[in-house]
Amino acid sequence: MKIIEMRALRGPNYYSNDPVIIMKLDIEELEERPTDMVEGFKEKISSMMPSLYSHTCSPGSIGGFYERLERGTWAGHVAEHIAIELQCLSGHEITFGKTFTLDQEGFYNVVYRYIDENTGLRAGEMAVEITKKLFQGETTDINPLIAELKDISQESMMGPSTKSIVDEAERRGIPHIRLNEDSYVQLGQGAYQRRIQATMMDSTSALGVEIADDKAYTKELLSSMGIPVAQGKIVETEEEALKAAEEIGYPVVVKPLSGNHGRGITIDISESEELMLALKKAKEVCSSCIIEKYLLGFDFRILVINYKFVAAALREPAFVVGNGVNTIEELIEEINQNPDRGLGHEKNLTKINIDYMTERLLKMEHLKLKTILEVGRKVYIKSTANISAGGTAKDVTESVHPLNRAMAERISKIVNLDVMGIDIIANTLEKPLNEEFAGVLEVNAAPGFRMHLNPTEGKKRNIAENVVDMLFPPGKPHSIPIVAVTGTNGKTTTVRIITHILETNGSVVGMTSTDAVTINQVPILKGDYSGPSGASKVMMDSSVDHAVLEVARGGILRRGLGFKKSDIGILLNISSDHLGEGGIETLEELTRLKSTVTEAVKPSGYAVFNADDPLVLSCVEKTKANPILFSKDPGNKALKINYKKGNLNVILMHDTIMIQKKEQMITVCNVKEIPITFNGKAIFNIDNVLAAVAAATALGLDENQIRQGLISFNPSIDQSPGRMNIIDMGDFKVVIDYGHNPGAIEATGDFINSLMPGRKIRVASSIGNRRKKDILEFGRVLSKYYDYMIICDPDPRKRETGETAKIIKEGLIKAGFNLDAINIVINEREAINVALDMAIKGDLVVVQVDDLNQVIKDVLAYKEKIKV
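Here the structure is a predicted model, which means the values were calculated and not measured. The residue count restarts for each chain, going from 1 along the sequence in the order it is written. At least 70 in pLDDT is required for a residue's local features to be given in this predicted model, at least 80 for side-chain atom pairs to be given and counted, and no such filter applies to totals for whole chains, interfaces and linings, which use all residues. In computing side-chain properties, one takes all heavy atoms of the structure into account and sets aside hydrogens as well as water.

### As for the overall build of the protein
The condition that has to hold: Only DSSP runs of H or I covering at least 4 residues are called helices, and only runs of E covering at least 2 are called strands; the numbering of each starts at the N terminus. Relative accessibility under 20% of the residue-type maximum defines a buried residue, over 50% an exposed one, and the middle range a partly exposed one, all with a 1.4 Å probe and only protein chains included. Method for areas: the Shrake-Rupley scheme with a 1.4 Å probe, in which residue coverage is limited to the protein chains shown.
Looking only at helices and strands, one finds 29 helices and 38 strands in the protein. Its C-alpha atoms give the protein principal-axis dimensions of about 105 × 70 × 60 Å. Burial status across the protein gives 55% buried among its 868 residues. Split by element, the accessible area of the protein, about 36,700 Å² in all, is 49% carbon and sulfur.

### Focus on the environment of I335
Condition: For this analysis, residues touch if any pair of their heavy atoms sits within 4.5 Å.
With respect to the helices, strands and loops of the structure, I335 is situated in helix α11 (residues 328-336). Between the C-alpha atoms of I335 and K351, which are 16 residues apart in sequence, the distance is 7.9 Å. Once residues lying within four places of it in the same chain are set aside, the contact partners of I335 are F319, V320, R341 and I352.

### Observations regarding the packing of helix α25 (residues 742-753) against helix α26 (residues 772-783)
The geometry of a pair of packed helices is captured by two quantities: the angle between their axes and the separation between those axes. The line we're drawing: Lines are fitted to the C-alpha atoms to define the axes, a helix being fitted only along its stretch in contact, and any angle between axes, read from their N-to-C directions, falls within 0 to 180 degrees. Reported orientations rely on four angle classes, namely roughly parallel under 35 degrees, roughly antiparallel over 145, roughly perpendicular from 65 to 115, and oblique for the rest. Residues were grouped as follows: Ala, Val, Leu, Ile, Met, Phe, Trp, Tyr, Cys and Pro as nonpolar; Asp, Glu, Lys and Arg as charged; and all remaining residues, including Gly, as polar.
Between α25 and α26, whose axes approach to 9 Å, the crossing angle comes to 10 degrees. Classified by the angle between their axes, α25 and α26 sit roughly parallel to one another. On the side of α25, the interface is formed by P742, I745 and E746, while α26 contributes E777, F778, R780, V781 and L782. Among the residues making up the contact of α25 with α26, the classes are represented as five nonpolar, no polar and three charged.

### Structural notes on the environment of K347
Tracing the backbone through its elements, the reader meets K347 in the loop between β16 (341-342) and β17 (349-350). Residue classification places K347 among the partly exposed residues on the basis of a relative accessible area of 32%. Measuring from C-alpha to C-alpha, the distance between K347 and N454 comes to 9.6 Å, with 107 residues separating the pair along the chain. Sequence-distant contacts of K347, defined by excluding residues within four places in its chain, comprise P160, P339, D340, R341, G342 and R450.

### Observations concerning the pattern of salt bridges
Using the following cut-off: Counted as salt bridges are all cases of a side-chain nitrogen of Lys or Arg within 4 Å of a carboxyl oxygen of Asp or Glu.
Taken as a whole, this structure holds 48 salt bridges when the rule is applied. Put simply, E168 and R172 hold a salt bridge, and the shortest N to O gap is 2.9 Å. Accessibility expressed as a relative area gives 6% for E168, which makes it buried. Taking relative accessible area as the criterion, R172 reaches 31% and is therefore assigned partly exposed.

### A look at the state of the cysteines
Definition in use: Any two cysteine sulfur atoms within 2.5 Å of one another count as a disulfide.
Within the structure shown, the criterion is met by zero disulfides. Distance from the sulfur of C289, which forms no disulfide, to the nearest cysteine sulfur (C286) is 6.4 Å.

### Side note on the nonpolar core
Convention followed: Note on terminology: a nonpolar core comprises buried Ala, Val, Leu, Ile, Met, Phe, Trp, Tyr and Cys residues joined through side-chain atoms within 4.5 Å.
In this structure, V734, I736, L782 and V845 are the most contacted members of the largest nonpolar core, which totals 52 residues. Residues in contact with L782, not counting those within four places in the same chain, are I745, R762, A764, M789, I808 and L812. Counting residues in each nonpolar core, the second largest holds 44 residues, with Y529, L549, V551 and L579 among its members.

### Regarding the packing of aromatic side chains
Where we set the bar: Classification of ring pairs rests on two measures: the distance between centres of Phe, Tyr or Trp rings, Trp counted by its six-membered ring, which must be within 6.5 Å, and the angle between planes, read as stacked under 30 degrees, edge-to-face over 60 and tilted in between.
Per the stated rule, a full pass over the model turns up seven aromatic pairs. Considering the side-chain rings of Y15 and F100, the 5.1 Å spacing of their centres and the 50 degrees angle between planes classify their relative orientation as tilted. Within this pair, whereas Y15 is found in the loop between β1 (2-9) and β2 (20-26), its partner F100 is found in strand β3 (residues 97-101), the two being separated by 85 residues in sequence. Residues F684 and F751 carry aromatic rings whose centres are separated by 5.8 Å and whose planes lie at 70 degrees to one another, so their mutual orientation is edge-to-face.

### As for the sheet that holds β2
Two modes of strand pairing occur in sheets, parallel and antiparallel, and in both the strands are linked by backbone hydrogen bonds. Note the threshold: Only strands that DSSP links by at least two bridges are regarded as paired with each other.
Spatially, β1-β2-β4-β3 is the arrangement adopted by the four strands of the open sheet, whose pairing is antiparallel. This sheet does not close on itself; its edge strands, each paired only once, are β1 and β3. Strand-to-strand twist in this sheet, taken as the mean axis angle between neighbours without regard to direction, amounts to 15 degrees. Strand direction decides the pairing type here: β2 and strand β4 (residues 107-113), joined by seven bridges, are antiparallel. Bridge pairing links V20 to R113 in β4. Its contacts with the sheet place helix α3 (residues 75-89) against β2, β3 and β4, and it is angled at close to 20 degrees to β4. Sitting on the sheet, helix α4 (residues 117-135) touches β1, β2 and β4, and the angle it makes with β1 is about 160 degrees.

### Focus on the packing of α3 against α4
Just so we agree on the cut-off: Crossing handedness is read from the near helix: turned anticlockwise from the far helix by less than a right angle, it gives a left-handed crossing, and turned clockwise, a right-handed one.
One can describe the packing of α3 onto α4 by two numbers: an axis separation of 8 Å at closest approach and a directional angle of 130 degrees. Between α3 and α4, the angle falls in the class oblique. Relative to α4, the crossing made by α3 is right-handed. Two secondary-structure elements touch here, α3 through A75, V78, A79, I82, A83, L86 and Q87 and α4 through G120, A123, G124, M126, A127, I130, T131, L134 and F135. Among the residues making up the contact of α3 with α4, the classes are represented as twelve nonpolar, four polar and no charged.

### Examining unusual backbone geometry
A cis geometry characterises the amide bond from Y250 onward to P251, with omega recorded as -5 degrees. With respect to the helices, strands and loops of the structure, P251 is situated in the loop between α9 (238-248) and β10 (252-256). Phi angles above zero are rare outside glycine, and C57 is one such case at about 55 degrees. One can find C57 in the loop between α1 (41-48) and α2 (64-71).

### Description of helix α15 (residues 463-471)
Cut-off, in case you're wondering: The directions from the helix axis to the C-beta atoms are what the arc is built from.
Every buried residue belonging to α15 is among I463, A464, V467, V468, M470 and L471, and all of these are buried. For α15, the angular spread of the buried residues around the axis is 155 degrees, confining them to a single face.

### Here's the deal with the sheet that holds strand β8 (residues 200-201)
In space, the four strands of this open sheet follow the order β5-β6-β7-β8, with antiparallel pairing throughout. Only two strands of the sheet have a single neighbouring strand rather than two, namely β5 (176-178) and β8. Examined bridge by bridge, β5 and strand β6 (residues 184-187) share three bridges and lie antiparallel to one another. Considered in β6, the bridge of I177 is made with Q186. Here helix α6 (residues 160-171) sits on the sheet and contacts β5, β6, β7 (194-197) and β8; the angle it forms with β6, its principal contact strand, is near 15 degrees.

### So, the pairing of strand β21 (residues 439-444)
Counting buried positions along β21 yields six of six residues, so the element is predominantly enclosed. As paired elements, strand β20 (residues 419-426) and β21 share five bridges and run antiparallel to each other. Paired with I422 across the two strands is V443, which belongs to β21.

### Digging into empty space enclosed by the protein
Stated formally: In this analysis a 1.4 Å probe is tested at points of a 1 Å grid over the protein atoms alone, and where it fits but cannot get out there is a cavity; an open set with protein on both sides within 12 Å along at least five of seven lines is a pocket; lining residues have an atom within 4 Å of a point. Grid points are joined across faces, edges and corners, and a volume is the space filled by probe spheres set on the points.
Under the counting rule described, the total for this entry stands at two cavities of 30 Å³ or more. Its boundaries defined by the atoms lining it, the largest cavity holds a volume of some 110 Å³. D577, H740, P742, S766 and R770 are the residues nearest the centre of the largest cavity, which is lined by 15 residues in total. Examining the composition of the lining of the largest cavity, we find that three residues originate from one element, α26, more than from any other. Of the voids in this model, the second largest cavity is the one considered here, and its volume is about 50 Å³. If you trace the second largest cavity, you find 13 residues lining it, with S530, G531, P532, V551 and G562 closest to the centre.

### Observations concerning helix α28 (residues 828-838)
In plain terms, the rule: For this analysis, a polar contact is any N or O atom pair within 3.5 Å, provided that within protein one partner can donate a hydrogen and the other can accept it, and provided that sequence-adjacent residues contribute only side-chain to side-chain pairs.
Of the positions making up α28, those classed as buried are E828, A831, I832, A835 and L836. The arc that holds every buried residue of α28, seen down its axis, measures 135 degrees, which confines them to one face. Elements in contact with the buried residues of α28: β34 (733-737), β35 (760-764), β36 (788-791), β38 (844-848) and α29 (852-867). Between a side-chain oxygen at the N-terminus of α28 and the backbone nitrogen of R829 the separation is 3.0 Å; the capping residue is N827.

### Brief notes about the side chain of H55
With respect to the secondary-structure elements, H55 resides in the loop between α1 and α2. Taking the relative accessible area as the measure of exposure, H55 reaches 9% and is therefore buried. Contacts of H55, omitting those with residues within four sequence positions, involve S61, G63, G64, F65, H81, I84 and E85.

Laid out in structure tokens, this is it:
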């Protein structure tokens, strides 16, 4: 049993609307050994992972998976359930999984849900190894594996503060993109996006952050504005530190000038030897340090968001309470066993580390780690109350005096930070601060939210709500309209038409296609970006106000969609292409795959369908969006049904494009006015135009705005490269077109034959990973429309170079094509030159492109050469 391929599908996909892992397995000899043929299989797996009993599986009831084991199921199915349960045991509650049998014997696609991608992938690898051992009669100790998964999750997951903001945004329907492995996150899309880094906003003042990072200057600034602060001085040397302490008066606090999370801070220093040790610890964080007056009192944190007081917490440093039995070290370990404590920012509280600070505090109390404390004795083991140092927090928001609230808001404006944590030492916040006995210690530019979200004691505060309110005030948009286009043929042309209509009417469009990512008519990334990576680049661009995305089958299979929900989804057509790849063997399966796009449209959005294609029409009932149908046949029954339901249709009537709304028929224009239809003769492009009209109407454009875009869109190399570009060479013409499958050849064949009276010469190729029967069919269809074939092989993939070309030739010959009219020239550029050299007056050379830019250069260079 081995993993052939494994990947994460991050968006809506063929299997689920949620992210899933897909793992292709070859179970090898285990195909002949289902679980009912392995003695004691159920007993071994249940003793190893008893929680698997809760899996309902296909029987639909608790214990259902065990029933399947008893009846007999295969290794892939077992691995699926183990992968799910390993994630559950590591803290990720998931339930979805499904195993698919593939055509090749012993091969399976195992699909299961994940929350964290790295955790999900590793769980799959572990599950395969565990399953293999089970079939060998061995069990696995899963505890180390669960610990490993927890570590992976901790490394991958966002911190609690960041996650709280993202979760609040998601609750409001605001999408997010994680921009790195840490806490840099984009909320919203395109021109409406906002970005955060943990609790620092894109609107946070850089100057404010710099001020807050300089603790000495912060205190100087605040003091000058009448804010009570702890007296302090900056030092760099031991001599300066000793002098400062003497002037301020012991006890003092030593802290790094710049730092966070309580690192390098030592409090309640009462003599010079301690001062030197504390200075050394502080210098490990920053070369400059502060010596300040030690204020007696409680440690409070006030949180200000958008310059408004929102929460306050009383923080207490980590401590132990004696029981007369355990040592201090054992008590610390017992505290760390609390499930609410984790590593770093993993959980609500942080595990307590034993360090210099701990040992110093114990020494001051004449204690050691091995000391057994008497019952009830409370001993602090940290001097700072930071949650990240193991401290705890009590919510005191409601009891903060109005003057202290006002002071906090004033501090945020003085420093100019829209999100700020203010650390105060005082006996209480219920009364205005007394300058003699209380003061502000420091301010924090990126304060943690844990103590407010989940305090150890007191009311939980949804702090993230205040942040999202600030970033996206009521009425402010957060997402750009997304138009997603799929189908077998015509996708690129359709996204280009839609984009042109929008740009003609003043929009800044981000467009993806098999050619490039284009922002406001400028290609920023060249190549095939018809998958989710292209979509994410558009969403990340802050100038874009509309996204128009080509969605190819390969992108859906490899990674899922690049968005959770779109506003408009378009399904153009379904015909044979890429069958046999990625487990998609039939047209019905291809239809289901393509319908992912129309099923991922918001309920308030619009799903656009070609009513003239029965396979496309079969997808209408699956969408939750408002269906729009387009058709070249005004008598299509589906149009009437859709119209009666109150939906919109786009129809070609007597060469005129009409929008059929309730009790309205709106004229857009005659197709002969639209250059890309070639005077109405290019029927295949009329379909693309109808789909574009439907999308533009759904986006709120009127018929005049749509017409303006349609009549100014040309099938030129500049506006639509590689899609039916006709170049007049003088005596003959050249067509450059991407059409590469039987459906495209059939759709364009009659139109191409009408362009010139002479021979039709075709430069053709197929892709090496296509099934042989599909390549043969490609050859058969080519034979119907062309007089001479020059076959090249620019993309052999899994086949030997030249093998694909020979299969096309075989298909041509089987269809009765003249053997003498077939020439195999492997190199694409050489093949094009051969075709151009043989063309005479009245001929038409049709070039199917692989390297589009090079082909265009070569053809235009040839045109210049023959002019001379």
